[in-house]
Amino acid sequence: MVTTNKTFPESASPKTILVTGASGQLGVELVYNLRQKYGSNQVLATDIGENTLLKEKGPFEWLDVLDKKRLSELISHYQIVEIYHLAAILSANGEKNISLAWRLNMNGLLNVLETARELQVQRVFWPSTIAVFGPDAPRKNTPQDVPLHPTTVYGISKVAGEHWCAYYNRRFGVDVRSIRYPGLIGYRSQPGGGTTDYAVDLFYSAIKGKPFVSPVDRNTRLPMMYMDDAVKAAYDIMNADSDQIRIRTGYNVGAMSFTPKELADAVKQIIPSFEIQYVPDERDQIAANWPDSLDDSAAREDWGWNPKFGLEFMVSDIIANLSDVFSSSREN
Ligand code: AKB
């Protein structure tokens, strides 16, 4: 019998959702939005790390996705019908511990897919990434179907994962849906271990009045997405009818593209004293093999993908909100 923190009422709604990796950058935002949508008690946040905010606002359980037994017990106990499986090690951290990255990213996904099959979970969301692409894919407006020759263990695990998703869908009818996220940028939660995280770190330096040292070179252009669009993408694909999802590997989804210099220039429009230096490290090597921009016409046609936010809005929104956060924390 599973030991849990909280129990749903007898009549759990048919939309009871499990989020793995809920304390991560996307997890925190997704849980917050799903709870707004479906009610706090309907969204079970899980992670290996505690998150006080997530725990205070709804059910939270410790879960290592490599522990399949605990995963099954939680799904049964909470009568879960949808899973957002986010737990993963990202590109830059993956290169520091390749066997852990492979084990967590791959076996974690296989545990989720297999448990979803066994317990007949209705839908699964699993994020793929632009890291599936490598040097043999066109960099500009990268098409949906190109050779996928990733250069990181994270990218390799995501290519394999895309194929496992398609396999579980084809062979067992598991309704798993996936999108290839670009770099995600938000201010409510901190990223960890990604190549594109420089863009979030840059904002924190700018708000604190500190110079920023960019690990990605000034002209390395990458596709990026504001967090509100990232949450919307996950929500939209999960709520599309099953027959709208023609691609069962991962859909390209684009929103904006910029270089560190362009981002710094946009920040300087609001904080003119902001200073940046470029000291490219291994993250620039990783980024050099990723697309500049994505052709996301399949996502637009199939399930109506339509991003809302561009660079200018994102920069002013993040600076306004982060400035509030920092000034209120100084006052307290
Ligand atoms: C990373 O930089 O590793 C991630 C990603 C692009 O998937 N943000």
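Heads up: the structure comes first, above all this text.
Read on for an overview of the structure.

So, how was this worked out
Residues numbered from 1 in each chain as written. Predicted model: local features only at pLDDT ≥ 70, side-chain atom pairs only at ≥ 80, totals over all residues. Heavy atoms only, no water. Near = heavy atom within 4 Å. Polar contact = N/O pair within 3.5 Å; in protein donor to acceptor, adjacent residues only side chain to side chain. Areas by Shrake-Rupley, 256 points an atom, 1.4 Å probe, with all protein chains shown as cover. Nonpolar A, V, L, I, M, F, W, Y, C, P; charged D, E, K, R; others polar. Core = buried A, V, L, I, M, F, W, Y, C linked by side-chain atoms within 4.5 Å. Buried < 20%, exposed > 50% of the residue type's maximum accessible area, 1.4 Å probe, protein only. Helix = DSSP H or I, 4+ residues; strand = E, 2+ residues; numbered from the N terminus. Contact = heavy atoms within 4.5 Å. Expected span 1.5 Å × (residues − 1).

A look at the site of the ligand
Stage number 1. Taken together, the neighbourhood of the ligand is formed by Leu90, Ser91, Thr129, Ile130, Tyr154, Gly194, Thr195, Thr196 and Trp290.
Stage number 2. Take Tyr154: an N or O atom from its side chain is 2.7 Å from an oxygen atom of the ligand.
Stage number 3. At 2.9 Å from a nitrogen atom of the ligand is found a side-chain nitrogen or oxygen belonging to Thr196.
Stage number 4. Protein contacts shield 95% of the accessible area of the ligand, which totals 250 Å² for the unbound molecule.
Stage number 5. Residue composition of the shell around the ligand, by class: four nonpolar, five polar and no charged.

Considering the nonpolar core
Stage number 1. In this structure, Ile185, Phe203, Phe258, Leu263, Val267, Phe274 and Met314 are the most contacted members of the largest nonpolar core, which totals 44 residues.
Stage number 2. Elements with a contribution of two residues or more to this core: helix H6 (153-172), helix H7 (198-208), strand S11 (222-226), strand S13 (256-258), helix H9 (260-270), strand S14 (276-278), helix H10 (282-288) and helix H12 (311-331).
Stage number 3. Sorting elements by how many residues they give to this core places H7 first, with eight residues.
Stage number 4. Apart from residues lying up to four places away in sequence, Phe258 is in contact with Ile185, Tyr198, Ala199, Thr220, Arg221, Leu222, Met224, Leu263, Leu311 and Met314.
Stage number 5. In terms of nonpolar packing, the next biggest core, distinct from the first, is built from 34 residues, Val43, Tyr84, Ala233 and Ile237 among them.

A few points about H6
Stage number 1. Across its 20 residues, H6 extends 27 Å between first and last C-alpha, which sits within 8% of the 28 Å expected from 1.5 Å per residue.
Stage number 2. If you check which residues of H6 are buried, you get Val153, Tyr154, Gly155, Ser157, Lys158, Val159, Gly161, Glu162, Cys165, Ala166 and Tyr168.
Stage number 3. Each element contacted by the buried residues of H6 is listed here: helix H4 (91-96), helix H5 (98-119), strand S6 (128-129), strand S7 (176-177) and strand S8 (179-181).
Stage number 4. Phi turns positive, to about 75°, at Gly173, one or two residues after H6.

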